[in-house]
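Observations on the three-dimensional arrangement
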Amino acid sequence: MTSLLEQYEAQVSEPGPRNQYPIANPTLPQNSVVRLMQSEPDTPMFKKMKIEFNPKESLTHLVVCNEILVIGMVDKSLLKVSLKNPDEPEPISLASQLTGALSHYRMHRVFLDPLGNHLVVSVSDSSVTQGENFYIYLGGSNGNKRIIQKILRNHLITAAAFNPDNQQNTTTGPILLATSSGLVFETELSAPTDNDWRFSSKSTSSEKYCKQ
């Protein structure tokens, strides 16, 4: 089965003349915005290109923010790639944080804050209804030992809302984490230094609630 990009490429590469400018629709109001859209050439929105990347395991997740790319793989490992320096990827393994057979676990969600410094990963466990959630501070230089901290025990994070106004590299500021059981927590994740971390939860009874 061909992908949407492959179908689009096949369509635009068909021989024969193509209208570079769309024909005006007489049923639409001919205001300045419509005329501007009709005058613009029909250029592709996406472009597909091959890159030299051969991971050892199959990819399951991919997130990118602020030129930081994080890839999740089927063996419960992560790969951090700086798009400014893509030749030096940094592997991060979650296997040592999981107990029991690794085959019971599946990477569920991967969340990266807008600055590309704070990573939240949830891993589901087929043997129980919950899973494991991890916070990893990605700031600092590659090569530093990343501290992987478990957060929100006995829950499985399914969604994260980061603060788009936060400009501090070492803290997320107040964020929201939603779980598979319908709970929403207001939480703050921070790492004062490259070799330290702090998880401070503000999930008091007035700040935690259930979605009905």
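Whatever comes next refers back to the structure up there.
To start, this report covers the structure provided alongside it. Note that the structure is predicted; figures quoted are calculated from it, not measured.

1. Details of the overall build of the chain
Helices and strands together make up the secondary structure of the chain, namely two helices and 13 strands. Every one of the 212 residues in the chain was classed for burial, and the buried ones make up 35%. The contacts in the chain between residues at least 6 apart in sequence include a share of 38% that link residues at least 24 apart. In the form shown here, the chain has an accessible surface area of approximately 13700 Å², with 53% of it arising from carbon and sulfur atoms.

2. Considering a nonpolar patch on the surface
Taken together, the side chains of Met49, Ile51, Phe53, Leu59, Leu62, Val64 and Leu83 define a hydrophobic patch exposed on the protein surface, amounting to about 690 Å² of accessible area. Topologically, valine 64 is positioned in strand E1 (residues 59-65). Residue classification places valine 64 among the partly exposed positions, given a relative accessible area of 43%.

3. Focus: the sheet that holds strand E2 (residues 68-73)
Strand order across the open sheet formed by four strands is E1-E2-E3-E4, with antiparallel pairing between neighbours. One side of each edge strand has no neighbouring strand; the edge strands of this open sheet are E1 and strand E4 (90-93). For this sheet, the mean inter-axis angle between neighbouring strands, taken without regard to orientation, is 20°. Pairing between E2 and strand E3 (residues 77-82): five bridges, direction antiparallel. Pairing of leucine 69 across the sheet is with valine 81, part of E3.

4. Looking at the pattern of salt bridges
Within the structure shown, the criterion is met by four salt bridges. A salt bridge links lysine 80 to glutamate 90; its shortest N-O distance comes to 4.0 Å. Here the residue lysine 80 occupies a position in strand E3, and glutamate 90 occupies one in strand E4, the gap between them amounting to ten residues. For glutamate 90, a relative accessible area of 8% translates into the label buried. A cluster of three or more residues bridged by salt bridges with shared partners is formed by Lys80, Glu90 and Arg146.

5. Examining the layout of surface pockets
Its volume calculated, the largest pocket comes out at about 310 Å³. Forming the boundary of the largest pocket are 13 residues, of which Ile51, Glu52, Phe53, Leu69 and Val81 lie nearest the centre. If you list the elements that add at least two residues to the lining of the largest pocket, you get E1, E2 and E3. Its residues assigned to classes, the lining of the largest pocket shows eleven nonpolar, no polar and two charged. In this model, the second largest pocket occupies a volume close to 190 Å³. In terms of lining residues, the second largest pocket is bounded by 13 residues, among which Lys56, Met73, Ser77, Leu79 and Pro91 are the most central. Among the secondary structure elements, those contributing two or more residues to the lining of the second largest pocket are E3 and E4. When grouped by side-chain class, the residues that make up the lining of the second largest pocket number seven nonpolar, three polar and three charged.

6. Examining the nonpolar core
Counting residues in each nonpolar core, the largest one holds 18 residues, and the members touching the most others are Val70, Leu78, Leu94, Leu119, Val121 and Ile136. Residue assignment for this core shows that the elements contributing at least two residues are E2, strand E5 (105-112), strand E6 (118-125) and strand E7 (131-137). Element by element, the count of residues in this core is highest for E5, at four residues. In this structure leucine 119 touches Val70, Leu78, Val110, Phe111, Leu112, Phe134, Tyr135, Ile136 and Leu138, once residues within four positions along its chain are discounted.

7. Thoughts on the sheet that holds E5
Pairing is antiparallel across the open sheet formed by four strands, whose spatial order is E5-E6-E7-E8. The strands lining the two open edges of the sheet, one partner per strand, are E5 and strand E8 (148-150). Across the sheet, the mean angle separating the axes of adjacent strands is 25° when strand polarity is ignored.

About the cut-offs
Residues numbered from 1 in each chain as written. Predicted model: local features only at pLDDT ≥ 70, side-chain atom pairs only at ≥ 80, totals over all residues. Heavy atoms only, no water. Helix = DSSP H or I, 4+ residues; strand = E, 2+ residues; numbered from the N terminus. Buried < 20%, exposed > 50% of the residue type's maximum accessible area, 1.4 Å probe, protein only. Contact = heavy atoms within 4.5 Å. Areas by Shrake-Rupley, 256 points an atom, 1.4 Å probe, with all protein chains shown as cover. Patch = residues over 30% accessible without salt bridge, like charges linked within 9 Å, V, L, I, M, F, W, Y side chains within 5 Å. Salt bridge = Lys/Arg side-chain N within 4 Å of Asp/Glu carboxyl O. Pairing = 2+ DSSP bridges. Axes fitted to C-alpha atoms, helices over the stretch in contact; angles between N-to-C directions. 1 Å grid on protein atoms, 1.4 Å probe; cavity = no way out; pocket = protein on both sides within 12 Å on 5 of 7 lines; lining within 4 Å. Points joined across faces, edges and corners; volume = space filled by probe spheres on them. Nonpolar A, V, L, I, M, F, W, Y, C, P; charged D, E, K, R; others polar. Core = buried A, V, L, I, M, F, W, Y, C linked by side-chain atoms within 4.5 Å.

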